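Listed here are the chains, written in short residue letters.
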Number of protein chains: 2
Amino acid sequence: MIQFAQRMEHLRPSEIREMLKVTEDEAIISLAGGNPAPELFPVSAMAATTQAVLEEAGGQALQYSTTEGFAPLRAQIAERMNRKFKTAFAARNILITNGSQQGLDLSGKVFLNEGDAVLCEKPMYLAAINAFRVFRPRFVEVPTDSEGMITAELERLLATTDRLKLVYVVPDFQNPTGISWSAERRRQFMDAVSRYDIAVIEDNPYGELRYEGELLPSLKSMDRKGQVICFGTFSKTFCPGLRVGWVAAEESILEKYILVKQSADLHTSSLSQRTISKFLDSYDFDANVEIIKATYKKRRDIMLRCMAKEFPAEIRYTQPHGGLFIWVELPSCLNARDILTVCLEHQVAFVPGGAFFPNGGMENTMRLNFSNMTEERIAEGIRRLGKVLRQMLNPAAH
Amino acid sequence: MIQFAQRMEHLRPSEIREMLKVTEDEAIISLAGGNPAPELFPVSAMAATTQAVLEEAGGQALQYSTTEGFAPLRAQIAERMNRKFKTAFAARNILITNGSQQGLDLSGKVFLNEGDAVLCEKPMYLAAINAFRVFRPRFVEVPTDSEGMITAELERLLATTDRLKLVYVVPDFQNPTGISWSAERRRQFMDAVSRYDIAVIEDNPYGELRYEGELLPSLKSMDRKGQVICFGTFSKTFCPGLRVGWVAAEESILEKYILVKQSADLHTSSLSQRTISKFLDSYDFDANVEIIKATYKKRRDIMLRCMAKEFPAEIRYTQPHGGLFIWVELPSCLNARDILTVCLEHQVAFVPGGAFFPNGGMENTMRLNFSNMTEERIAEGIRRLGKVLRQMLNPAAH
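Everything numeric in this text was worked out from a predicted model, so none of it was measured. Per-chain numbering applies: the sequence of each chain, read as written, is numbered from 1 onward. Written order decides the labels, with chains lettered from A and ligands numbered from 1. pLDDT decides what is reported in this predicted model: residues at 70 or higher carry local features, side-chain atom pairs at 80 or more are listed and counted, and totals for whole chains, interfaces and linings draw on all residues regardless. Excluding hydrogens and water, the side-chain figures rest on all heavy atoms present in the structure.

Colleague: I would appreciate a short explanation of the relation of the copies chain B and chain A in the present structure.
Modeller: The two chain copies are related to each other by a rotation about an axis together with a translation along it. By a simple turn and slide, chain B fits onto chain A: the slide is 0.0 Å along the axis, the RMSD is 0.0 Å, and the turn is 180 degrees. Here the symmetry operator amounts to a two-fold rotation axis. Counting the interface residues of chain B, we find that 99% of their copies in chain A are interface residues as well, pointing to one common contact surface. We superpose the copies by least squares over the C-alpha atoms of residues that have a pLDDT of at least 70 in both of them. By the convention used here, residues are in contact when the closest approach between their heavy atoms is within 4.5 Å.

This is the structure:
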């Protein structure tokens, strides 16, 4: 028997992934994935843009390129971040990655020795758990409420956690909860972490997808000691299939990311990078984001309206102001995995929430996605889900 | 000060990479890189193919896709490998990666605990050293000659190396030496490794670029216990900028690679994968490979002819039957790094060979690339290099 590394004993196939296999069947209404709506991708503009890139750049668009990424795209991303999130990045602060998922893997390499601690939100993004777990850290979960991390808990855990190396947060429309941190909590968070020499990852795939309320200050805009590392991606504001994201950080940190990116895969697709850069130059990117927002807002509204009507009153859920997800907390007697089994019989799927807790527990939670289904399908999905929930909560009545 | 992981102390920027920065200056004749010739990339066919993919697949070509890769492409790769290298792969044995470089990173994750041993050729591919080094293994170098690994040394090191987990070899037109293993050595190698429960990576980016002689059996074609893992790539037979390569292995091994690929970056670009798949369907891929071979053969021939004329007689070098590189061994009194310094004053660059030895030494070696320069530039580059070498070997005469 060939021997694998010890870390492989701790890695399990992602629950979402196994989900998605079942939901390839079109008959199933899937509120499980986190996919954007493909009907909103600018397909013909992309075809024209790729054509133009290949005509203008020729073979260079298909050649090896530098690990850091295509220089004009790095500058465009820096400019866009500064405009949207009040950061102060230059092109040299940007590393192009294969989606922001790769930023997670690179962060594990750059920061984590086995047994180091990662401070994270409770619950946290599932694929971040899997990416960090490769490096075998301890996960220290900071309790959260509807305004974000609870500051007193954060301060206590910062002061008492041994070998703390990294803080990972998604302050805007978090996956899985949809919660956006309040301005006050953001300030308190930055006050607290700035007392420590630790790196903070501000992962922000959904920040531009705000359906109501005012933009809140990014953590990076309040970062006085250069400890915040920003992740960004075109996956939710443009399209995910090109796998183009980025890491933005102070140069002394970014140079470490560049080193591990180089050994991981040399660089991100030259053609993808040039195509996105050209698209940003040639089309109104923000106008496309507005179309996405208008569509998702309607889908969120119908999902929330149907949940209000169909879900038993004792079930609590978030009312997100943006992003792709609604988070549901069931009475503690219920297990979402059991509910999923029944739901699949009724041709509706979601992600059981337990997977978003790196240290286990909270099996009475679930994540619902509203970006990737028509309004009709969302309404029908929630109707079926509500029916199952009513049955599970009151079996005698059925 | 923010603390990085211990592994970061062992990672250094790649020498080739630092080289390439100098050689961005067009005035310099660079025999340093390993880039294919961009004038041979099928640029207009690629534009037409991308167009067709986006027309036919629409938004799905820009959507998230499965970690394993685009199913038709996996089948095409399996079929092609079976035809070219007498393997017996099915689509389910293929994982699409971001170039075969990513296969190296994933292999480190799948197999290496800190302190485990990797058995490798002496010298070995530089970027493999960097990829594995992230996981902090010991490198055990097997001496090689013009026919490949020396069998007696291989057998001795297999028997005596503690915690041996992985063997990494490039039997066809190796980077950096250009050497292709003889049929006898391949059989002896497989006999030897099959006595141990260890994984063997057969990395084969150059196998199709043979300019003379008969195709030799792949290691995988002689693998009776399923221990050989094959890496392949479109970077040298098509174009590298799309970053599409693959890992081919028994399913029980491949499932581990899929797990770590998922946490590394979810999947490889959907559009790149579909475009290559469509290109394979629509064009004569092999005819394009023949054009590449004809061009590189001429470049190799002129480089060897010029070396015979310009290099001092005491300098030894390989006469590769394929691939992209010639390996030079200088008298041990010379240091290739010093020679490079002088060469850069004469506007010619190469890669000092010391970097290809993970445990150091052999600074009297150099790697020359012949794929990415016109015949005229190659001749001029070798003339300049020869002049420097003659000066260094006989300074009194100048």
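Now that the structure has been shown, we can carry on.
Colleague: How should the packing of helix 11 (residues 336-345) of chain B against helix 12 (residues 375-393) of chain B be read in this particular structure?
Modeller: A pair of packed helices is captured by two measures, namely the crossing angle of their axes and the spacing between those axes. All names here are of chain B. Here the axes come from fitting lines to C-alpha atoms, over the contacting stretch only for helices, and the angles between their N-to-C directions go from 0 to 180 degrees. Each helix is a run of H or I in the DSSP string that is no shorter than four residues. Each strand is a run of E no shorter than two, and both are numbered from the N terminus. Closest axis-to-axis distance for the helix 11/helix 12 pair is 10 Å, and the angle between their directions is 125 degrees. Regarding the angle of helix 11 to helix 12, the classification is oblique. By crossing handedness, the relation of helix 11 to helix 12 is classed as right-handed. Facing Asp338, Ile339, Val342 and Cys343 of helix 11, the residues of helix 12 in contact are Leu385, Val388, Leu389 and Met392. For the contact of helix 11 with helix 12, the residue count by class is seven nonpolar, no polar and one charged. By definition in this entry, angles of less than 35 degrees are roughly parallel, angles greater than 145 are roughly antiparallel, angles of 65 to 115 are roughly perpendicular, and the rest are oblique. Handedness of each helix crossing follows the sense of rotation of the near helix against the far helix: counterclockwise by less than a right angle gives left-handed, clockwise gives right-handed. Basically, the charged four are Asp, Glu, Lys and Arg, the nonpolar ten are Ala, Val, Leu, Ile, Met, Phe, Trp, Tyr, Cys and Pro, and anything else, Gly included, counts as polar.

Colleague: Please explain the pairing of strand 3 (residues 117-122) of chain B as it appears in this structure.
Modeller: Residues in a regular strand point their side chains to alternate faces of the sheet. Residues and elements named next belong to chain B. Relative accessibility under 20% of the residue-type maximum defines a buried residue, over 50% an exposed one, and the middle range a partly exposed one, all with a 1.4 Å probe and only protein chains included. Along strand 3, five of the six residues are buried, which leaves the element largely enclosed by surrounding structure. When strand 3 meets strand 4 (residues 138-145), the two strands line up parallel, connected through six bridges. What sits directly across from Cys120, in strand 4, is Glu141. Handedness of a crossover: with both strands directed away from the viewer, a clockwise path from the first strand across the helix to the second marks it as right-handed. In this fold, strand 3 hands off to helix 5 (residues 126-133), which returns the chain to strand 4; that crossover is right-handed. Two strands are said to pair when DSSP picks up at least two bridges between them. Sheet topology note: the strand 3/strand 6 (residues 164-169) ladder contains four bridges and is parallel.

Colleague: Honestly, the packing of aromatic side chains in this entry has me stumped. Any pointers?
Modeller: Each aromatic ring pair is specified by the distance between its two centres and by the angle formed by the two planes. Pairing of aromatic side chains here covers Phe, Tyr and the six-membered ring of Trp, requires ring centres within 6.5 Å, and sorts the geometry by plane angle: under 30 degrees stacked, over 60 edge-to-face, intermediate tilted. The final tally for this structure, using the stated rule, is 28 aromatic pairs over all chains. Arranged with centres 6.0 Å apart and planes meeting at 85 degrees, the rings of Phe311 of chain B and Tyr317 of chain B form a pair that is edge-to-face. For Phe311 of chain B, a relative accessible area of 7% gives the class buried. Ring pairs connect the aromatic residues Phe234, Phe238, Trp246, Phe279, Tyr283 and Phe285 of chain A, which therefore count as one cluster. We call a charge positioned over a ring when the NZ of a Lys or the CZ of an Arg lies within 6 Å of the ring centre and within 35 degrees of the ring normal. The cationic tip of Lys256 of chain A hangs over the ring face of Phe4 of chain B; the distance from NZ or CZ to the ring centre is 5.1 Å.

Colleague: Explain the domain arrangement of chain A here, please?
Modeller: Quite often, the size of an interface is put as the accessible area lost when its parts meet. All names here are of chain A. Entries for chain A in the domain assignment read domain 1 (6-42 + 287-397) and domain 2 (43-282). Note that the domain bounds were set by an automatic or database domain assignment. A straight line from the C-alpha centre of domain 1 to that of domain 2 covers 25 Å. Taken together, the contacts link 33 residues of domain 1 with 38 residues of domain 2. Buried area: the sum, over both parts, of the accessible surface (1.4 Å probe) that disappears when the two are put together. Here domain 1 and domain 2 share an interface that buries about 3200 Å² over both sides, 64% of which is from carbon and sulfur atoms. Summed over the three residues of domain 1 that lose the most area to domain 2, namely Pro42, His321 and Pro358, the buried surface amounts to 21% of that side. Note on definitions: salt bridges are taken to be side-chain nitrogens of Lys or Arg within 4 Å of carboxyl oxygens of Asp or Glu. Counting across the domain 1 and domain 2 interface gives one salt bridge. We note a salt bridge from Glu212 to Arg300, for which the minimum N-O separation is 2.9 Å. We define a polar contact as two N or O atoms separated by no more than 3.5 Å, with the added condition that, inside protein, one atom must be a possible hydrogen donor and the other a possible acceptor, whereas residues neighbouring each other in sequence contribute only through side-chain atom pairs. On inspection of domain 1 and its partner domain 2, the count reaches 17 residue pairs in polar contact (both at pLDDT 80 or more). The element contributing the most residues to the side of domain 1 that touches domain 2 is helix 10 (residues 285-310), with seven residues. Residue composition of the side of domain 1 that touches domain 2, grouped by class: 18 nonpolar, 10 polar and five charged.

Colleague: In this structure, what is going on with the pattern of salt bridges? I would like to understand it.
Modeller: Opposite charge on two side chains lets them pair, provided their charged atoms get close. Evaluation of the coordinates by the stated rule reveals 63 salt bridges over all chains. Asp286 of chain A is the partner of Arg80 of chain A in a salt bridge, and the nearest nitrogen-oxygen pair spans 2.9 Å. Taken together, the residues Arg80 of chain A in helix 3 (residues 71-85) and Asp286 of chain A in helix 10 connect sequence positions 206 residues apart. When the shortest N-O distance is used, the salt bridge between Arg83 of chain B and Asp286 of chain B registers 3.3 Å. Linking Arg83 of chain B in helix 3 (residues 71-85) with Asp286 of chain B in helix 10 (residues 285-310), this pair joins segments that are 203 residues apart in sequence. Owing to a relative accessible area of 42%, Arg83 of chain B belongs among the partly exposed residues under this scheme. By relative accessible area, Asp286 of chain B is classed as partly exposed at 23%.

Colleague: Help me out: how do you make sense of the side chain of Thr87 of chain A in this one?
Modeller: Residue and element names in this part refer to chain A. Note that Thr87 resides in the loop between helix 3 and strand 2 (94-97). Taking the relative accessible area as the measure of exposure, Thr87 reaches 10% and is therefore buried. Residues in contact with Thr87, not counting those within four places in the same chain, are Met81, Asn82, Ser218 and Lys220.

Colleague: Which parts of the structure should I look at to understand the environment of Pro72 of chain A?
Modeller: Residue and element names in this part refer to chain A. Considering the arrangement of structural elements, one finds Pro72 in helix 3. By relative accessible area, Pro72 is classed as partly exposed at 38%. Sequence spacing of Pro72 and Asn35 is 37 residues, and the spatial spacing of their C-alpha atoms is 28 Å.

Colleague: What should I look at first to understand the UniProt feature "domain: Aminotransferase class I/classII large" (unreviewed entry) in chain A in this one?
Modeller: UniProt positions are given in the numbering used here, feature names are shortened, and annotations may be inferred rather than shown by experiment. With numbering matched to this structure, UniProt assigns "domain: Aminotransferase class I/classII large" (unreviewed entry) to residues 45-385 of chain A. Segment residues 45-385 of chain A splits into 43% helix and 17% strand. End C-alpha atoms: 38 Å apart.

Colleague: Explain helix 5 of chain B here, please?
Modeller: An α-helical segment advances 3.6 residues per turn. Residues three or four places apart therefore align on the same side. Among the eight residues of helix 5 of chain B, seven are classified as buried, and the element is accordingly described as predominantly covered. Leu126, Ala127, Ala128, Ile129, Asn130, Ala131 and Phe132 of chain B are the residues of helix 5 of chain B that are buried.

Colleague: Any chance you could explain the sheet that holds strand 9 (residues 245-248) of chain B here in plain terms?
Modeller: The pairing of strands in a sheet comes from backbone hydrogen bonds and takes either a parallel or an antiparallel form. All names here are of chain B. Taking strand neighbours across the sheet as the criterion, the eight strands line up as 2-9-8-7-6-3-4-5 in an open arrangement whose pairing is mixed. Of all strands in the sheet, those bounded by a partner on one side alone are strand 2 (94-97) and strand 5 (148-149). Of the strands in this sheet, strand 2, strand 6, strand 7 (199-203), strand 8 (228-233) and strand 9 are in contact with helix 4 (residues 99-111), which crosses strand 8 at around 155 degrees.

Colleague: I'm lost on the interface of chain B and chain A in this one. Help?
Modeller: Between chain B and chain A, the contact holds 78 residues from the first and 78 residues from the second. Of the roughly 6400 Å² buried between chain B and chain A, counting both surfaces, carbon and sulfur atoms make up 59%. Contact with chain A buries surface across chain B, with Phe4, Leu62 and Tyr64 of chain B losing the most and accounting together for 11% of the total. The interface formed by chain B and chain A contains two salt bridges. Among the salt bridges present, the one from Lys109 of chain B reaches Asp105 of chain A, with a minimum N-O distance of 2.6 Å. Taken together, chain B and chain A are joined by 30 residue pairs in polar contact (both at pLDDT 80 or more). The set of elements that each furnish at least two residues to the side of chain B that touches chain A consists of helix 2 (43-57), helix 4, helix 5, helix 8 (251-265) and helix 9 (270-282) of chain B. In terms of residue class, the side of chain B that touches chain A is made up of 34 nonpolar, 32 polar and 12 charged.

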